[in-house]
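# Structural overview
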Amino acid sequence: MRAVDLIQKKRDGGELSTAEIEWLISGYVDGSVPDYQMSAFAMAVYFKGMSMREVRDLTMCMVKSGDEIDLSSIPGIKTDKHSTGGVGDKVTLILAPLVASFDVPVAKMSGRGLGHTGGTLDKLESIKGFQIERTEEEFINQVKAINLSVIGQSDKLVKADKLLYALRDVTATVDIIPLIASSVMSKKIAAGADKILLDVTVGDGAFMKTVEEARELAKTMVALGNEVGRQTVAVITDMSQPLGCAIGNRLEVLEALDIMQGKGRSDVTQFICDLAKIMLDLAGVKASDEVIYDHLVNGAALNKFHEMVLAQGGDLDDLYRPSRATYTTDIVADEDGYIEALSALEFGLFAMRLGAGRSVKTDKLNYETGIVFHKKVGDVVKIGDNVATIYSDKILDEKEVTEFKKNVKINREKSVPQEIIEIIS
Ligand code: URA
């Protein structure tokens, strides 16, 4: 076979056979198919798409490109959760210990943030001492001992995705359903959990800009999971505004701690409870809304989070310390009304420029900077109300404050945000 023929076949709208996909992926991993041919192939997929059979083959070839984690020695139904990316998304920090507090093993590998989106690993590393690098044995032993571990993705897992995702990132081929679905599901399948909850985000801060696209991505991933015997449920969730109040690593950890002490906003608290119900249901645990809420706010989830921080070398004294950002700038409302929009994309980029995120993979993060919103979409505001506080390491100039305010849209009419838009199982 020749890569050029496979690129041409896809470019002309053809369907690649299983053998052709296997050849291409194994060649890419062993270096015989170079980056320039793989990027041409990714672009051909971008324009011509893939059949479900091709997506399935691609996913399974990617799974086989590296190690597969065997969680079978951990008793019980192992659960995992993955988000397709967002701004202010601290869900894993809360949901994972909440579910684990019901004695359900949560064995999770997470990723880093890039561009306007954040990553769970960066948030965990903002906790002094927290280790995200664990051997497979340590990971499994910790889940056996406390039902919970969140670690970085091992280098050996889904090697093809590691290479391909970096390539897609610099060749404008990230936001395409067959490649996102195979990337996410190859990692989930290789990571070994029995049951998977997928959070498919939609809105300007997400890869999927419309509910129709998000639905197609969700259905593709659910089908991939279910076909290999991993029961998978997807929720389509709103990412047109940041999730919760905080954007930025330490600030998000602090918000997660607040939520686990019953001090979070009611909408985000409810959202986490709704996700927990689905995940518990997948694990065969029937818990009422009241019981789940109780676990979230009465210390059960928080204790589990503390156990994980301690088990992974984190410092519990440092955990609750406020952000050490040098400057705080309050943004106040200039008019009366309701918050109509807070662009997740724009504020994600703003926080990235403050140092909370990376514009390129090699950027070093500032864990302390970011934004805390005091008002969210649908909230009433009066002139002079504090809408948000910006945590920065330099004094913001007028242009930056104006830029921030431009993205706080206030209207006379109240809009009602909806966190979970649809559930696909
Ligand atoms: N998250 C992933 O893991 N892969 C993608 O392609 C997009 C989001």
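Residues numbered from 1 in each chain as written. Predicted model: local features only at pLDDT ≥ 70, side-chain atom pairs only at ≥ 80, totals over all residues. Heavy atoms only, no water.

## So, the packing of aromatic side chains
The description of an aromatic ring pair uses the distance of the two centres, along with the angle that the planes make with each other. To be explicit about the condition: Within 6.5 Å between ring centres, the rings of Phe, Tyr and Trp (the latter by its six-membered ring) count as paired, and their orientation is classed by plane angle as stacked under 30 degrees, edge-to-face over 60, tilted in between. Helix and strand labels come from DSSP, where a helix needs a run of H or I of at least four residues and a strand needs a run of E of at least two; each type is numbered from the N terminus. A 1.4 Å probe rolled over the protein chains alone gives each residue an accessible area, and that area as a share of the maximum for its type sets the label: buried under 20%, exposed over 50%, partly exposed in between.
Applying the stated criterion across every chain, the model contains 5 aromatic pairs. Taking 5.1 Å as the distance between ring centres and 85 degrees as the angle between the ring planes, the aromatic pair formed by Phe350 and Phe404 counts as edge-to-face. With Phe350 in helix α16 (residues 344-356) and Phe404 in helix α17 (residues 398-406), this pair connects stretches of sequence that are 54 residues apart. Residue Phe404 is classed as buried on the basis of its relative accessible area, which comes to 0%. The interplanar angle of 25 degrees and the centroid separation of 6.2 Å between the aromatic rings of Phe373 and Phe404 together place this pair among those described as stacked. Residue Phe373 is located in strand β9 (residues 370-373), and its partner Phe404 is located in helix α17; the two are separated by 31 residues in the primary sequence. Neither residue differs from the other here; Phe373 and Phe404 are each classed as buried. A network of ring pairs unites the aromatic residues Phe347, Phe350, Phe373 and Phe404 as a single cluster.

## As for the site of the ligand
To keep it simple, the criterion reads: One heavy atom suffices: a residue is near a molecule or strand as soon as one of its heavy atoms comes within 4 Å of it. Polar contacts, as counted here, are pairs of nitrogen or oxygen atoms within 3.5 Å of one another; within protein the pair requires one atom able to donate a hydrogen and one able to accept it, and residues that are adjacent in sequence qualify only if both atoms are side-chain atoms. In this analysis a 1.4 Å probe is tested at points of a 1 Å grid over the protein atoms alone, and where it fits but cannot get out there is a cavity; an open set with protein on both sides within 12 Å along at least five of seven lines is a pocket; lining residues have an atom within 4 Å of a point. For a cavity or pocket, the test is whether more than half of a molecule's atoms lie within 2 Å of its grid points; if they do, the molecule sits there.
Taken together, His82, Tyr165, Arg168, Ile180, Ser183, Val184, Lys187 and Phe207 form the complete shell of residues around the ligand. One of the side-chain nitrogen or oxygen atoms of Arg168 is found 2.9 Å away from an oxygen atom of the ligand. Side-chain polar atom of Ser183 to a nitrogen atom of the ligand: 2.6 Å apart, as the coordinates give it. When each cavity is represented as a set of grid points, the ligand is found to reside in the largest pocket.

## Here's the deal with the sheet that holds strand β12 (residues 408-411)
The test is simple: Each pair of strands is called paired provided DSSP finds at least two bridges between the two strands.
Read across the sheet, 3 strands follow the order β10-β8-β12 without closing on themselves; strand pairing throughout is antiparallel. Both outer strands of the open sheet, β10 (380-381) and β12, are each paired with one neighbouring strand and no more. Pairing between strand β8 (residues 337-342) and β12: 4 bridges, direction antiparallel. Residue pairing in the sheet places Leu342 in a bridge with Val408 of β12.

## Section: the domain arrangement of the protein
As a reminder, the rule being used: An automatic or database domain assignment provides the domain bounds reported here. Contacts: residue pairs with any heavy atoms within 4.5 Å of one another. Here's the idea: put two parts together, see how much 1.4 Å probe accessible area each one loses, and the total over both is what we call buried area. In the sections that follow, a salt bridge refers to a side-chain nitrogen of Lys or Arg positioned within 4 Å of a carboxyl oxygen of Asp or Glu. Basically, the charged four are Asp, Glu, Lys and Arg, the nonpolar ten are Ala, Val, Leu, Ile, Met, Phe, Trp, Tyr, Cys and Pro, and anything else, Gly included, counts as polar.
As assigned here, the protein comprises domain 1 (3-49), domain 2 (79-318) and domain 3 (327-411). One C-alpha centre belongs to domain 1, the other to domain 2, and the line joining them spans 31 Å. Of the residues lining the interface, 11 residues belong to domain 1; the matching set on domain 2 comes to 12 residues. Between domain 1 and domain 2, a total of about 1000 Å² is buried, with carbon and sulfur atoms accounting for 83% of that surface. When residues of domain 1 are sorted by the area they lose upon contact with domain 2, Tyr28, Val29 and Tyr46 head the list and together hold 47% of the total. The tally of links between domain 1 and domain 2 comes to 0 salt bridges. At the surface where domain 1 touches domain 2, the tally comes to 1 residue pair in polar contact (both at pLDDT 80 or more). With 7 residues, the single largest contributor to the side of domain 1 that touches domain 2 is helix α3 (residues 35-48). Split into classes, the residues belonging to the side of domain 1 that touches domain 2 amount to 8 nonpolar, 2 polar and 1 charged.

## Concerning the UniProt feature "domain: Pyrimidine nucleoside phosphorylase C-terminal" (unreviewed entry) in the protein
In plain terms, the rule: UniProt positions are given in the numbering used here, feature names are shortened, and annotations may be inferred rather than shown by experiment.
In the numbering used here, UniProt assigns the feature "domain: Pyrimidine nucleoside phosphorylase C-terminal" (unreviewed entry) to residues 338-411. Helix makes up 30% of residues 338-411 and strand 30%, with an end-to-end C-alpha separation of 5 Å.

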